[in-house]
Every structure is written in C-alpha cells, then in structure tokens.
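Here is how the chains run, residue by residue.
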Amino acid sequence: MEYGPPPLFNQGVSARARLAFFSLVAAALIIVDAQVNALDAIRNGVEILLFPVQRVLLWPRDLALDVGDYLSTLGSLNEENARLRLLAVEQAKLAQQAAQLQLENDQLRKLAGVRDRVNVPAQMVVALYESRDAFSRKIVIDRGRNDGMRAGFPVIDEAGVVGQVTRVFPLTSEVTLLTDKEQSLPVQIARNGLRAVAFGGQEPMTLELRFLPANADIENGDSVVTSGLDGIYPAGMPVATVLHVDRDVKDQFARVVLKPVAGMSRSRLLLVLLADPPPLVPAAEGARGGASGNVRGDRAAAKAVRR
Amino acid sequence: MRSLWQRLGGERLETASASLRPPTVGRSVRPEQVLRPVRPAFIWATLGGAFLLNLLPWGHAIWVPDFFALTLVFWNVHQPRKVGMGIAFVFGLLMDVHNGALFGEHALAYTLLSYGAISLHRRIQWFPAGSQSIYVMGLLLIAQLASAAVRLWVGGATPYWWLGLLSSALGAALWPFLTALLLSPQRRPAKRDDTRPL
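Residues numbered from 1 in each chain as written. Chains lettered and ligands numbered in written order. Predicted model: local features only at pLDDT ≥ 70, side-chain atom pairs only at ≥ 80, totals over all residues.

1. Here's the deal with the overall build of chain A
Within chain A one finds five helices and twelve strands. Across the 307 residues that make up chain A, the buried fraction comes to 32%. Contacts in chain A between residues at least 24 apart in sequence constitute 54% of all its contacts with a sequence separation of at least 6. (Helix = DSSP H or I, 4+ residues; strand = E, 2+ residues; numbered from the N terminus. Buried ≥ 20, exposed ≤ 12 C-beta atoms within 10 Å, placed from the backbone. Contact = placed C-beta atoms within 7 Å.)

See the structure below:
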C-alpha cells in the first residue's frame, strides 16, 4: 500500500478546502459555546466517554501519593500527630463555646425577631485534576449531576472558600477557583464590616478588592470574609487576608491585593455546600445587580443568568 | 541497502513513493535509508498514547509540551495521506472537553496545525531532524496563538498567559527524539538479522 503510486487524479478534497471546512466548523462551535449553552449535551456525551480514561490516568499519580504517604517518616508523623492533638484540644474548647453561643444566639435572634440562619447540607468531594489552561483557574471534582451537583454551589476546604461549581457533567463537575479572573464574590473586612467585592487578581494565586475608595479603612493582614449578600456563600466564611494596599494618589480607588486562605490548588479534599442559588431575576436588571455573585462584564453576566 | 544507495548516488532516482526522501545532491550527500511501510495500527497507537499523555494530571504546568500536537505534526509530515485534518479536529474536541476550554478551541488549533504540517511536509523532510524542529516550533506557535486569540476574544487576557508559549519551544526541542522514536519501526531491516539489535 505504502509503495503503491499516489492517486494522480482522485486526490479527494483539497487541503485548503478541508482547512476551510474544519476551521469554519470549529469557529461556529466556539461562537455557539461562548454565547449559548446549546452544546452541553455533546459536551456531556464526550465527558462520559473520557471519564473512565481520565480516572485510569489518575491512578499513577494517586499511587505515587499513597506510596509517599506510606513511606513518610515516623518523625513527620509524630509531628503531625502532636499538631493535630493540639488542634483538637483547641477546637474542643471552641466547639463547647460554639454550642453555648449557638443557644444564646438562637435566643437572641428569637428575641430580635430575626429569621433563622439555614444550615446548609454539604458533600465531601475529591479534586481530580486541575485543568491545564493558561487562561482560567479550574479544577475538576469527582461528583457530577448524578450526585446532586448543580452549577452555582459554593466549594470550600478546611481553611475557607475555594470557588464555585460552574459546569456540571453527569459524573464530574468543574469548579472555578476564586483566583480565576472571571470569578468574583461579595466580601467584607472582618475587622470593621466594610463591604467590597473580591475578584481574581492580576498576579497568579491572588485576589483583589476593587472599587474601594483610596481612603478605605483597610490594613495589611486584615482578614476578609464572605458577606453573604449574594445569597450563595454563607456569611462569615474566611476568604483571604490582605497582602498589601496601594493607595495611589492619582487613582480614585485603592488597589488591595489579597492572599486566599484556602489551599486553592493544593488541597484535594473539598466540601461542596449544597445551597441552591437564589432565583435569578430576569436578565435586564438581574445580571448587573450581581444577584448570582458573579459581577462581571456584560457577556459574562448573561452567562451567569443562564446558569 | 545503504551501500546500494551509495552506489546509485550520482543518479537521480525517480520514485513515486511518498516516504522515500528525495536524494540529496550537491555538497553534502547524506546516505538515506529507505523506510519500510508504516503500520496504520502504529499510527493510531502513537496518536492515542500521545493523547493519553496529555490527559495526565499536569495541573497548572502550562509549560508542559502538547504531546498530541507534536505527534500529530509528525504523522502529518511523514504520512500526510493517512493522517489528516479530520483526525486533528476530532481529537481537538476531546481535548476541549477535558480541559474545560471552549468547545472548538483546540479543534481549531489542531486543524490549523495539521494544515500547516501537511502543506509543508515535502519541504520539512529535506532537513535533518534538528533543523526540522525550527519549522515545528513555528507550526506549534501558530496553533497556540490561534487558540490564545480565541481566548483573548472571548474572555480577555490573564496575566502571564504567554508563559504557555514555552510549551511550543519545549515541544520543538523534543522533535528530534520523537522522530527517532516514531521512525524506528520503519527503520527495521526487512529480514531479521541476529547481528543487529533492532
């Protein structure tokens, strides 16, 4: 076959025609995918096909990690054990206080006539891999629509907020990290309750607060927590600490750079809060109002409404 | 085979075979080996293997070369009649789903890559593998910039996205090794010779 003569006349479709055809199809797919969610069925199908392969390919890494854990030295284990015991004692104290405070709080809330805080159920998930993409910060977790995942659920780890489920496949889901430049959430400074919106930062692995006046009361080391205004993230969850504040005289706004407290790409065990996002207002005012917690540009806002 | 070729050295041997490289005339005459026909199963196995390499959890290491793109270019250059743009397109779609990218982003990049490789395949084969990698780097860069352009159009720039272009350079650096590896089955002698290892 190889040494047979090449077809002289019947060459098939020319390379340029093929290029034009496939590029047009690809461009059409890109435009459709960027504007509407019409391709999710195809995407889901492909993901189901890929899923077993992806899982098998994760085995070597998981095996290496497990072997690493197994071979970890006695010293490091002892150290970790001591640290955890200390932590347990500290947390036991806090837990006892928390029970008492909870009681007190309930009574006070009843007295004040405030609506009870809802206790959101949560689901433990494992981060499978981080998507290799220079333009976004996403991780893929091992639970999908079949396990009750839905786009919009907040994701946390033991230290604080990690991100938000943004796309759901039948067996896996994509979580967009807070450090993604398209992600944003309403926060407040824990020290003084100053409200702001945190966006993915310019530098990798940072967040930033935008639209704060240059004389805002923020100091390095301030801890930033969720404000709960979006109705998605419960209020008071740790998000980040202030790394530095730029108060440029020329600029109207302060530039505040934050360092997220959650492990971001490091932690593997995560918790998805099964809190339904509040019903979205129709596109016109709902998108701009940041009802979904994603205050973004026009196109992105339209996307948020569709979710 | 090789001595026969050298004896024929001066003559222009016209042949229709695609894999037979044109004899080098002039200053530096490199002895060229006549390659054996490639097995389609081998092409598919290597393409699939390279795709699996891409699926490994590389995390946010965007400098890791795109193994599939590299293998695709290789087969486009060496077997343009067997591996074309359709394969590139389909694997591109799979890659998009895995990376959570826009549907069609990698498909577009791989299609462009494939077209470039196919239209340059006769020229590229004239050069030794080291020089070929410069062409390959150009092709990979064009494909990467195409997909970057799509992302910039849709979502705006991320700081340091251009660090990803390193992966093209690393991919090109891998090219000579890839060539040696993927051509080795075709370089086997027709009859098994116990005195030679391969």
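Text resumes after the structure shown.
2. Considerations on the interface of chain A and chain B
On the side of chain B, 45 residues touch chain A, which itself brings 42 residues to the contact. Where the side of chain A that touches chain B is concerned, the elements lending two or more residues are α1 (15-35), α2 (40-70) and β1 (122-130) of chain A. Counting residues per element, the side of chain A that touches chain B draws most heavily on α1 of chain A, at eleven residues. Each residue belonging to the side of chain A that touches chain B can be placed in one class, and the counts come to 22 nonpolar, five polar and 15 charged. (Nonpolar A, V, L, I, M, F, W, Y, C, P; charged D, E, K, R; others polar.)

3. Looking at the domain arrangement of chain A
All names here are of chain A. The assigned domain composition of chain A is domain 1 (15-70) and domain 2 (121-276). Between the C-alpha centres of domain 1 and domain 2 the distance comes to 25 Å. Across the boundary between the two partners, domain 1 contributes five residues, which contact six residues of domain 2. Here the side of domain 1 that touches domain 2 is composed, by residue class, of three nonpolar, one polar and one charged. (Domains from an automatic or database assignment.)

4. Here's the deal with the packing of α1 of chain A against helix α5 (residues 105-124) of chain B
Helices that pack against each other are described as a pair by the angle of their axes relative to one another and the distance between those axes. Where α1 of chain A meets α5 of chain B, the closest approach of the two axes is 8 Å, and the angle between their N-to-C directions is 165°. Taken together, the axis directions place α1 of chain A and α5 of chain B in an arrangement best described as roughly antiparallel. The interaxial crossing formed by α1 of chain A with α5 of chain B has left-handed handedness. From α1 of chain A, A15, L19, F22, S23, A26, A27, L29 and I30 of chain A reach across to α5 of chain B, where they touch E105, A107, L108, T111, Y115, I118 and S119 of chain B. In terms of residue class, the contact of α1 of chain A with α5 of chain B is made up of eleven nonpolar, three polar and one charged. (Axes fitted to C-alpha atoms, helices over the stretch in contact; angles between N-to-C directions. Parallel < 35°, antiparallel > 145°, perpendicular 65-115°, else oblique. Left-handed = near helix turned anticlockwise from the far one by under 90°.)

5. Notes on the nonpolar core
Membership of the largest hydrophobic core comes to 46 residues, with the highest contact counts inside it found for A69, V73, Y110 and L113 of chain B. For this core, the elements supplying multiple residues, two or more each, are α1 of chain A together with α3 (67-78), α4 (85-99), α5, α6 (129-155) and α7 (166-183) of chain B. Per-element tally for this core: the top contributor is α5 of chain B, with ten residues. When sequence neighbours within four positions are dropped, the list of residues in contact with A69 of chain B reads Y110, L113, L140, A143 and G171 of chain B. Core analysis: the next-biggest nonpolar cluster, separate from the first, contains 44 residues, L128, L178, Y233 and M237 of chain A among them. (Core = buried A, V, L, I, M, F, W, Y, C linked by C-beta atoms within 7 Å.)

6. Describing the sheet that holds strand β6 (residues 184-189) of chain A
Strand order around the closed barrel formed by six strands is β6-β7-β8-β11-β10-β9 (chain A), with antiparallel pairing between neighbours. Sheet twist, expressed as the mean angle between neighbouring strand axes with direction ignored, is 40°. (Pairing = 2+ DSSP bridges.)

7. Focus: the environment of P37 of chain B
Tracing the backbone through its elements, the reader meets P37 of chain B in the loop between α1 (2-7) and α2 (40-55). Sequence separation between P37 of chain B and S114 of chain B is 77 residues, and the spatial gap between their C-alpha atoms is 21 Å.

8. So, α5 of chain B
Residue and element names in this part refer to chain B. Between the first and last C-alpha of α5 there are 26 Å, a value that for 20 residues agrees with the 28 Å anticipated at 1.5 Å per step. When the local axis directions of α5 are compared, the greatest deviation, roughly 35°, occurs at I118. Where burial is concerned, most of α5 is hidden: 15 out of the 20 residues are buried. (Expected span 1.5 Å × (residues − 1). Bend = angle between axes of the 7 residues up to and from the residue.)

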